Amino acid sequence: MGETATRTLALLSLLQSRPDWSGADLAERLGVSDRTIRNDVARLRELGYPVDAVRGPGGRYRLGVGAKLPPLLLDDEEAVAVAVGLRAATGVSGVEETSARALAKLEQVLPDRLRRKLTAVVKATTAGPVNTDSNVEDPEVDASVLEAVSLAIRDHDGLRCDYRDEPRELEPYHLVAWQRRWYLVARDPRSDTWAPYRVDWLRVKTPGGRRFVPVEFPGDLTDFVVREVARTGWAVHARIRIDAEPDEVLGRINPAVGTVEAHPDGGSVLVTGGDSYEVVAVWISMLGMDFHVDDPALAEHVRALAERYSAAVSGRTRPGPASR
């Protein structure tokens with residue numbers, strides 16, 4: 001069965017490589033008989049790939065409409081999953097348009113039964129807002145930057161770039177998508193330090209840097225990104241004193257949002273951050289613990305939030321005609 005599947009895949013690849021083949025040529029290229037070619041063509045048709053045949057000496061074959069998928073035997077679920085994934089692609093500048101073009105091409109070449117299935121899925125679904133937890137828009141990452149970084153990772157090429165307007169040369173290792181952000185895990189060879197770098201803050205330069213010999217990363221790449229971003233990677237950072245012991249605070253938060261330290265005078269200090277001070281102010285109010293803010297920028301947003309909450313409560317409890 002494995003040999004048959006491999007040969008069928010090779011036959012599909014040959015049929016895609018040029019518009020017309022004779023049965024004798026296909027048999028010669030695959031090292032099989034004409035009868036085997038006919039059987040394999042029948043198998044492709046069963047899988048939903050229309051293969052047009054012209055009868056006669058040797059016979060001739062060509063792929064019909066709805067057959068030029070990549071040389072890969074996608075089943076129904078796989079083909080629809082690829083199409084739905086293309087439709088759902090978001091968060092990367094230029095990728096929405098590129099995905100739409102790729103989806104249009106895929107829909108054109110899908111066998112009719114798969115095209116109908118995809119249409120049903122698309123018409124039956126809608127998407128809600130992609131971000132309701134921040135007043136800061138999700139950053140867009142240029143697709144060409146992701147491509148350049150990915151190729152540098154693959155080829156072990158150093159990355160010359162400006163990071164937040166500071167020139168750097170990094171050894172790139174891995175890309176991690178988290179919290180609707182792209183992060184590059186890279187090593188700075190000058191200081192032998194690892195860090196996650198936000199890709200939307202990278203400005204890649206050409207030509208690239210020197211090729212490097214990769215070393216083993218000391219830990220889990222994704223865990224490293226989550227931990228380091230919570231400590232240093234936010235757009236704004238804050239230290240907030242909380243009237244509760246560290247263990248109690250840790251029990252209320254996801255470790256990814258910050259670190260907790262014991263305060264020498266009792267209680268604890270939460271080191272955290274976010275996309276804006278307003279987001280931090282809203283999030284801190286959800287802890288359900290008394291806290292103290294010294295940072296003037298954050299204090300301004302906490303004060304504004306307190307006034308908004310107070311006005312909402314007073315407006316709700318003011319006696320009206322129905323309560324008199």
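Residues numbered from 1 in each chain as written. Predicted model: local features only at pLDDT ≥ 70, side-chain atom pairs only at ≥ 80, totals over all residues. Heavy atoms only, no water.

Draft legend 1. Local environment of the overall build of the protein chain. When its secondary structure is counted, the protein chain shows 11 helices and 14 strands. Buried positions account for 35% of the 324 residues belonging to the protein chain. Counted over contacts in the protein chain with a minimum sequence separation of 6, partners at least 24 positions apart contribute 58%. When the accessible surface of the protein chain is summed, it comes to about 19500 Å², and 52% of that surface belongs to carbon and sulfur atoms. (Helix = DSSP H or I, 4+ residues; strand = E, 2+ residues; numbered from the N terminus. Buried < 20%, exposed > 50% of the residue type's maximum accessible area, 1.4 Å probe, protein only. Contact = heavy atoms within 4.5 Å. Areas by Shrake-Rupley, 256 points an atom, 1.4 Å probe, with all protein chains shown as cover.)

Draft legend 2. Layout of the pattern of salt bridges. The full count for this structure, using the stated rule, is 14 salt bridges. The partner of Glu-169 in a salt bridge is Arg-210, with the nearest N and O atoms 3.8 Å apart. Of the two residues, Glu-169 is situated in strand S7 (residues 166–178) and Arg-210 in the loop between strand S10 (202–204) and helix H8 (221–233); the sequence distance between them amounts to 41 residues. Measuring nitrogen to oxygen at the nearest pair gives 2.8 Å for the salt bridge that ties Asp-200 to Arg-198. (Salt bridge = Lys/Arg side-chain N within 4 Å of Asp/Glu carboxyl O.)

Draft legend 3. Highlighting the environment of Arg-38. Take Arg-38: it is sitting in helix H3 (residues 34–46). Residue classification places Arg-38 among the partly exposed positions, given a relative accessible area of 47%. Linking Arg-38 and Ala-53, residues 15 residues apart in sequence, is a C-alpha distance of 9.7 Å.

Draft legend 4. Region of the structure containing helix H2 (residues 23–30). Listed in full, the buried residues belonging to H2 are Gly-23, Leu-26 and Ala-27. Viewed end-on, H2 has its buried residues packed into an arc of 100 degrees, placing them on one side of the element. In this structure, H2 carries Glu-28 and Arg-29 as exposed residues pointing more than 90 degrees from its buried face. Gly-31, located one to two residues past H2, shows a positive phi value of around 70 degrees. (Arc of directions from axis to C-beta.)

Draft legend 5. View of the side chain of Ser-22. Mapped onto the secondary structure, Ser-22 falls in strand S1 (residues 21–22). At a separation of 3.0 Å, a polar atom in the side chain of Ser-22 contacts the main-chain amide nitrogen of Asp-25. Not counting residues up to four positions away in its chain, the partners in contact with Ser-22 are Gly-59 and Arg-60. (Polar contact = N/O pair within 3.5 Å; in protein donor to acceptor, adjacent residues only side chain to side chain.)

Draft legend 6. Structural detail: a nonpolar patch on the surface. Taken together, the side chains of Val-282, Met-286 and Tyr-309 present a nonpolar region at the surface, about 310 Å² in accessible area. The topology assignment puts Met-286 in the loop between helix H10 (277–285) and strand S14 (291–293). (Patch = residues over 30% accessible without salt bridge, like charges linked within 9 Å, V, L, I, M, F, W, Y side chains within 5 Å.)

Draft legend 7. Up close: the sheet that holds S14. Across the sheet, which stays open at both edges, the four strands sit in the order S12-S13-S11-S14 with antiparallel pairing between neighbours. Each of the sheet's edge strands pairs with one partner strand only, and the pair in question is strand S12 (258–262) and S14. Between one strand axis and the next, the sheet turns through 30 degrees on average, direction left out of account. Pairing analysis gives five bridges linking S12 to strand S13 (residues 268–274), with the strands arranged antiparallel. Across the sheet, residue Val-260 finds its bridge partner in S13, namely Leu-270. Strand contacts of H10: strand S11 (236–242), S13 and S14, with the helix running at about 135 degrees to S13, the strand carrying the most contacts. (Pairing = 2+ DSSP bridges. Axes fitted to C-alpha atoms, helices over the stretch in contact; angles between N-to-C directions.)

Draft legend 8. Main features of the sheet that holds strand S3 (residues 60–63). As summarised here, the arrangement of the three strands in space is S1-S3-S2, forming an open sheet in which the pairing is antiparallel. Single-partner strands in this sheet number two, and they are S1 and strand S2 (51–54). Here S2 runs beside S3; their pairing, made up of four bridges, is antiparallel. Paired with Val-51 across the strands is Leu-63, a residue of S3. Contacting S2 and S3, H3 crosses the sheet at an angle of about 145 degrees to S2.

Draft legend 9. Up close: the confidence of the model for the protein chain. In this model, the protein chain carries a mean pLDDT of 79, and residues with pLDDT of at least 70 account for 75%. By mean pLDDT, strand S4 (residues 92–93) is the weakest element of the protein chain at 51, and strand S6 (residues 159–163) is the strongest at 95. A low-confidence stretch, residues 67–72 (pLDDT under 50), is modelled with 21 contacts involving residues beyond four sequence positions or located in other chains. Note that residues 317–324 has pLDDT below 50 and, in this model, one contact with residues that lie over four places away or in other chains. (pLDDT = per-residue confidence, 0-100.)

Draft legend 10. Broad picture of the packing of aromatic side chains. Applying the stated criterion to the full structure yields six aromatic pairs. Judged by centre distance (5.0 Å) and plane angle (85 degrees), the rings of Tyr-163 and Tyr-197 are edge-to-face. Of the two residues, Tyr-163 sits in strand S6 while Tyr-197 sits in strand S9 (residues 193–198), which places them 34 residues apart along the sequence. Like Tyr-163, the residue Tyr-197 is buried in the burial classification. Centre to centre, the rings of Tyr-163 and Trp-201 are 6.1 Å apart; their planes meet at 55 degrees, and the pair counts as tilted. Note that Tyr-163 is positioned in strand S6 and Trp-201 in the loop between S9 and S10, a separation of 38 residues in sequence. You'll find Tyr-163 and Trp-201 in the same group, each marked buried. Taken together, the ring pairs in this structure connect Tyr-173, Trp-194, Phe-212, Phe-217 and Phe-224 into an aromatic cluster. The cationic tip of Arg-164 hangs over the ring face of Trp-201; the distance from NZ or CZ to the ring centre is 3.9 Å. (Phe/Tyr/Trp six-rings, centres within 6.5 Å; stacked < 30°, edge-to-face > 60°. Lys NZ or Arg CZ within 6 Å of the ring centre and 35° of its normal.)

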